[in-house]
Amino acid sequence: MGNLVLKRLLVAVPSLVGVVIVTFLLTRALPGDPAAYFAGPAATKEAIEQIRVKLGLDQPLIIQFGRYVADLVRGDLGISLTTGQPVISEIRTRLPASAELTLLGLLVSVSIAVPLGIFAATRPGSLIDHMCRVVASAGVSLPVFFTGLMLVYVFYYLLGWAPAPLGRLDIFYSPPPHFTGFYLIDSAIAGNGEVFLASLKQLILPALTLGIFSLAPIARMTRASMLAVLSSDFIRTARASGLSPFTITVTYAFRNAMLPVVTTLGMVFSFLLGANVLVEKVFAWPGIGSFAVEALIASDFAPVQGFVLTMAMMYVALNLMIDILYGLIDPRVRLES
Amino acid sequence: MNAAPALLVENLSVEFRTRSGVVRALESVSFAVAKGETLAIVGESGSGKSVTAYAVMGILDPAGRVTSGRAVLGGLDLLQASPSQLAEVRGREIAMIFQNPRAALNPIRPVGRQIADVLLRHGNVTRAEAPNLAVELLRAVGIPDPARRAKAYPFEMSGGMCQRVMIAIALAAKPSLLIADEPTTGLDVTTQAVIMDLISDLAAGSGMATMFITHDLALAAQRANRIAVMHAGHVIECASRRELFARPRHPYTAELIAATPDRVASLDQLASIPGSLPDLRRLDLPHCRYSERCPRKRTDCDQPLPRSPVNAAHMVACWNPLQ
Amino acid sequence: MTALAATARHARYVIGENPVTGLAFALFVLIVLAAAFGPFLVPYDPLASNTAVALKPPSAAHWFGTDQLGRDVFSRVIVATRLDFLIALSSVALVFLMGGLAGVAAGYFGGWTDRIVGRIADTIMAFPLFVLAMGIVAALGNTVENIVIATAIVNFPLYARVARAEANIRREAGFVEAARLSGNSELRILGCHVLPNVFPILVVQMSLTMGYAILNAAGLSFIGLGVRPPTAEWGIMVAEGAAFIVSGEWWIALFPGAALMLAVFCFNLLGDGLRDIVDPRRRT
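These numbers come from a predicted model, not from an experiment. Just so you know, the residues in each chain are numbered from 1, in the order the chain's sequence is written. Each chain is given a letter, starting from A, and each ligand a number, starting from 1, according to the order in which they appear as written. Given that this is a predicted model, residues contribute local features only at a pLDDT of at least 70 and side-chain atom pairs are listed and counted only at 80 or more, while totals for whole chains, interfaces and linings are drawn from all residues. Hydrogens and waters are ignored; side-chain quantities use all the structure's heavy atoms.

Draft legend 1. Summary view of the overall build of chain B. Of the regular secondary structure elements, chain B holds 10 helices and 11 strands. What the globule rule says is 2.2 Å times the number of residues to the power 0.38, and the radius of gyration is computed from C-alpha atoms. Taking 323 residues into account, the globule formula puts the C-alpha radius of gyration at 20 Å, and chain B, at 20 Å, falls close to it. In terms of its C-alpha atoms, chain B occupies a principal-axis envelope of roughly 70 × 45 × 45 Å. Only runs of H or I of at least four residues qualify as helices and only runs of E of at least two qualify as strands under DSSP, and these elements are numbered from the N terminus.

Below, the structure is given as structure tokens:
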């Protein structure tokens, strides 16, 4: 087992190296004078020169890269021009908001897509099967920001069921005491039912938007995988042995069918992390996505660089976890290493 | 045959709907397996032997339909039974093992648990007892160090061991009939013999009837009490082993036997029997599906084939049989 | 019958078999027509603002209503077709060249070429793709050209992989050996024999990427990258309309969004249909 984790970790290292190099190059590849960009549009010539020396932008590229890596190791991602705060602390504060949203979106997605795919596979040609196929093809065409806006229109403006898309909590409430940064968890820990409900209400529409967005690939993969497994030899044996339909569908078929779905999750996360940025804009969600977008508009580059780096590292870590999870579920992978 | 047979199949016909037409895979298949007897069903690929087994077990492909016939096991017609009746019988009274044993086992579940699943389903055992019983079953099928092996996965075992596991699963609930579909194909010769011995011993020990399907005429010759020969979805001859080889009556059977050098080659390696299997989608299939390649064809071969009673000692579906 | 004629006949068969593919083709033609002739045919100037009629819902005069500056939404949506279509087309053409050539070279020559292309592709794939596109546009500058480049880079790994696989298969193929034996240089073989065979598979991929490229460009413009107001582009129109959703003026965001959806859906269906025509074995 430890062997498996180690091997997967080793594979992740080149990805991390690549990520660091690319994010470094991204800012040094700026057309024009990087120092001017970091100093901001309102800087004087002296200020630009100061920044140039301070950030070591007059040094050869290799030295700059060395400094970059050294800073990274120390957790220094630069200072945001617009807020004056270190980028790392902004990211740390805002990350839980994005994480809570993404995880909830994934939960919504999986809880709809997986059963949909299973029912579609076990009842081929039925209404559910057709629905699943429509969802799978149409789902990939829906722009996520459009879905979000339409949901707001229908559920907030027309029906009045959902609260205004103004962030994590209605202004009447104050955030729960900080344990994890996840409002749902923190308010539960503090035993504050009102804040819990209020946070949940704000979360529903954006999570639903993300969920709808990632529904299609998961449903399609679940259906395809389940269909393949159901026509396999060992299911035939299970049927011939007279096992109950539940045992056959769930214990035998489903567990095997989930393996390719877990692998698909890697790709789904790539989409989700990107869609997160768009959803945060629609719902005024104070996460790292909106942080980066605001910085971009203000030509404030350090946060953007920090954002890309953070997202990429999280993505590498997520893929690593998915690989390990797969290894845990599939004994063929686990025992081979 | 005095006592009721373990399995009685009468007039079984099966069709498959495909994109290119309806395939009449089986037509009026009839045979019986007596209690404690071993019946071998032999035929080329495409002759319908596996389809027969799948139809009896009720695990036909969704495109397949049973259009007529009955398959009576212990007084219950399996083809007319309700799903709940079938659920009681399958795995408990009638069991099946397949070729490619490693692929036929759940790849991500330890073999001991797969056996325990069947025990819990059919065997009136408690959750606590099942694992130990599974280990005992593994021991009974000759797997060394069964307690350790019970936790192993199919990919960690050889083909022969996987087949033993399948046998353990099949025999867990002590069925009265075991169907073995090409159980030794793909295994090496020594293992083949060992597996067939195991099946015979277990069957003899419990009085279980066995129906095994094979394209290997020599295997049938060694192991079966009676042999049924199938061609293009028909049972064309059925007799005791000795009778069949001493006095084959259907021209096809004779060709098969004659073309088997020393009776040790499989049907697939035979020198070609003239002609080929007819296309079963044709709407103009003759009554005797062998007639178009038969050297003994006569004008009266165009009528429906003669019917023999199922328990006839030597049944042959031919108007011009050898004598 | 020439290869082209045979393909055309097979194409007609596939479209006949599956009416949805036929629909996709029809829609595609509509989009191309709108992109080409739209700007000449629209009733209003897409950039002309008229605050007197601002925020009017759809009516006979303004089929899709007017936005906050009184501009006709219908005209803007139609005119935006050209921009979005061209953005998508350029990205796809660019990635086809870059990814296709790199992949074919990697598959054909193997060795270091393969390893380098592989490393580049893996590094790109280590990022969430939209995030990387954001980073690239931020680094290179906030222009439409950079959106095209960013979309191309982000799709590079996919094309490189497909092209590489196809080139690998054909490297050892009979006709390549024959060409080699008759003294053709490796480059000539690559260009004249391998590349034409790889092309059809890539074309299928290109149609699917068109849909993604449109979504990507729209997403980037939604957050303010690339296209600036008052340019008419679907993504930026949705962004402008977003502010008015909460006050009930739904038409400003809905119509450009629906156009986006329709276009992407069309390209996805087209891609599936093309896949059936090019290689029926790969039908899903």
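Don't stop here, the text continues.
Draft legend 2. Layout of the pattern of salt bridges. Throughout this description, the term salt bridge denotes a Lys or Arg side-chain nitrogen within 4 Å of a carboxyl oxygen of Asp or Glu. Under the counting rule described, the total for this entry stands at 25 salt bridges over all chains. Across the pair aspartate 117 of chain B and arginine 109 of chain B runs a salt bridge whose closest N-O atoms are separated by 2.8 Å. As far as the burial class goes, aspartate 117 of chain B and arginine 109 of chain B line up, both buried. Aspartate 67 of chain C is the salt-bridge partner of arginine 76 of chain C, the closest N and O atoms lying 3.9 Å from each other. The class for arginine 76 of chain C is buried, based on a relative accessible area of 1%. With a relative accessible area of 2%, aspartate 67 of chain C lands in the buried category. Here the salt bridges share partners, and the residues they tie into one network are Asp67, Arg71, Arg76 and Glu240 of chain C. Per-residue accessibility, obtained with a 1.4 Å probe over protein chains only, is compared with the maximum for each type, and a residue is labelled buried under 20%, exposed over 50%, and partly exposed between these values.

Draft legend 3. Looking closely at the sheet that holds strand 4 (residues 64-73) of chain B. All names here are of chain B. Strands qualify as paired when DSSP identifies two bridges or more between them. What the 4 strands build is an open sheet, ordered 2-1-4-5; its pairing is antiparallel. Sheet topology places strand 2 (21-33) and strand 5 (76-77) at the edges, where each strand pairs with a single neighbour. The sheet contact formed by strand 4 and strand 5 spans 2 bridges and is antiparallel. If you follow leucine 73 over to strand 5, its bridge partner there is leucine 76. Any two residues having at least one pair of non-hydrogen atoms within 4.5 Å are treated as being in contact. Lines fitted to C-alpha atoms define the axes here, with helix axes fitted over just the stretch in contact, and angles between the N-to-C directions of these axes take values from 0 to 180 degrees. The strands touched by helix 1 (residues 49-57) within the sheet are strand 1 (7-18), strand 2 and strand 4, with strand 1 carrying the most contacts at an inclination of about 105°.

Draft legend 4. Here's a closer look at the side chain of threonine 310 of chain A. Within the fold, threonine 310 of chain A resides in helix 13 (residues 301-329). Sequence-distant contacts of threonine 310 of chain A, that is, excluding residues within four places in its chain, are made with Leu77 and Ile91 of chain A.

Draft legend 5. Representation of the interface of chain C and chain A in the model. Contacts between the two partners involve 40 residues from chain C, matched on the other side by 44 residues from chain A. Between chain C and chain A lies a buried interface of about 3400 Å² when both sides are counted; carbon and sulfur atoms form 82% of it. The buried area of a pairing is the accessible area, by a 1.4 Å probe, that goes missing from both parts when the two are put together, added over both. Looking at the side of chain C facing chain A, the largest losses of area belong to Phe127, Phe222 and Ile245 of chain C, adding up to 16% of the total buried there. At the junction of chain C with chain A, the criterion picks out 0 salt bridges. Pairing of N or O atoms within 3.5 Å defines a polar contact, subject to two protein rules: one partner must be a possible hydrogen donor and the other a possible acceptor, and residues neighboring in sequence count only if both atoms are side-chain atoms. One can count 2 residue pairs in polar contact (both at pLDDT 80 or more) joining chain C with chain A. Those elements giving two or more residues to the side of chain C that touches chain A turn out to be helix 4 (111-125), helix 5 (129-140), helix 8 (186-222), helix 9 (234-245) and helix 10 (251-278) of chain C. For the side of chain C that touches chain A, the element with the highest residue contribution is helix 5 of chain C, accounting for 10 residues. When residues are sorted by character, Ala, Val, Leu, Ile, Met, Phe, Trp, Tyr, Cys and Pro go into the nonpolar class, Asp, Glu, Lys and Arg into the charged class, and all the rest, Gly among them, into the polar class. The residue makeup of the side of chain C that touches chain A, split by class, is 31 nonpolar, 8 polar and 1 charged.

Draft legend 6. Structural detail: a nonpolar patch on the surface. All names here are of chain A. Each patch is built from salt-bridge-free residues with over 30% relative accessible area, joining like charges within 9 Å and nonpolar side chains (Val, Leu, Ile, Met, Phe, Trp, Tyr) within 5 Å. Note on areas: Shrake-Rupley with a 1.4 Å probe; residue coverage comes only from the protein chains shown. Residues Val13, Val17, Ile21, Leu25 and Leu61 make up a contiguous nonpolar surface patch of roughly 390 Å² in combined accessible area. Looking at which element gives the most residues to the nonpolar patch, the answer is helix 1 (residues 2-28), with 4 residues. By the element assignment, valine 13 lies in helix 1. Classification of valine 13 by relative accessible area gives partly exposed; the value is 42%.

Draft legend 7. Seen up close, the confidence of the model for chain A. Each residue carries a pLDDT score, the predictor's confidence in it, ranging from 0 to 100. On average, residues of chain A carry a pLDDT of 86, and 96% of them reach 70 or more. Per-element averaging of pLDDT across chain A places helix 2 (residues 34-39) of chain A at the bottom with 68 and helix 10 (residues 233-240) of chain A at the top with 93.

Draft legend 8. Seen up close, the sheet that holds strand 10 (residues 234-240) of chain B. Residues and elements named next belong to chain B. Here 7 strands make up an open sheet; going across it, the order is 6-7-8-3-9-10-11 and the pairing mixed. Sheet topology places strand 6 (94-97) and strand 11 (315-316) at the edges, where each strand pairs with a single neighbour. Of the strands in this sheet, strand 3 (38-42), strand 6, strand 7 (177-181), strand 8 (209-214) and strand 9 (226-231) touch helix 1, which is tilted by about 145° from strand 6. The strands that helix 6 (residues 159-171) touches are strand 6 and strand 7; relative to strand 6, the one it contacts most, it runs at about 170°.

Draft legend 9. Highlighting unusual backbone geometry. Going from proline 229 of chain C to proline 230 of chain C, the amide bond is cis rather than trans, its omega being 5°. Tracing the backbone through its elements, the reader meets proline 230 of chain C in the loop between helix 8 and helix 9. Non-glycine residue asparagine 100 of chain B carries a positive phi angle of around 55°. Examined against the element boundaries, asparagine 100 of chain B turns out to sit in the loop between strand 6 and helix 3 (111-122). Judged by relative accessible area, which is 47%, asparagine 100 of chain B ranks as partly exposed. If you check the backbone angles, lysine 174 of chain B has positive phi at about 50° while not being a glycine. Mapping lysine 174 of chain B onto the fold places it in the loop between helix 6 and strand 7.

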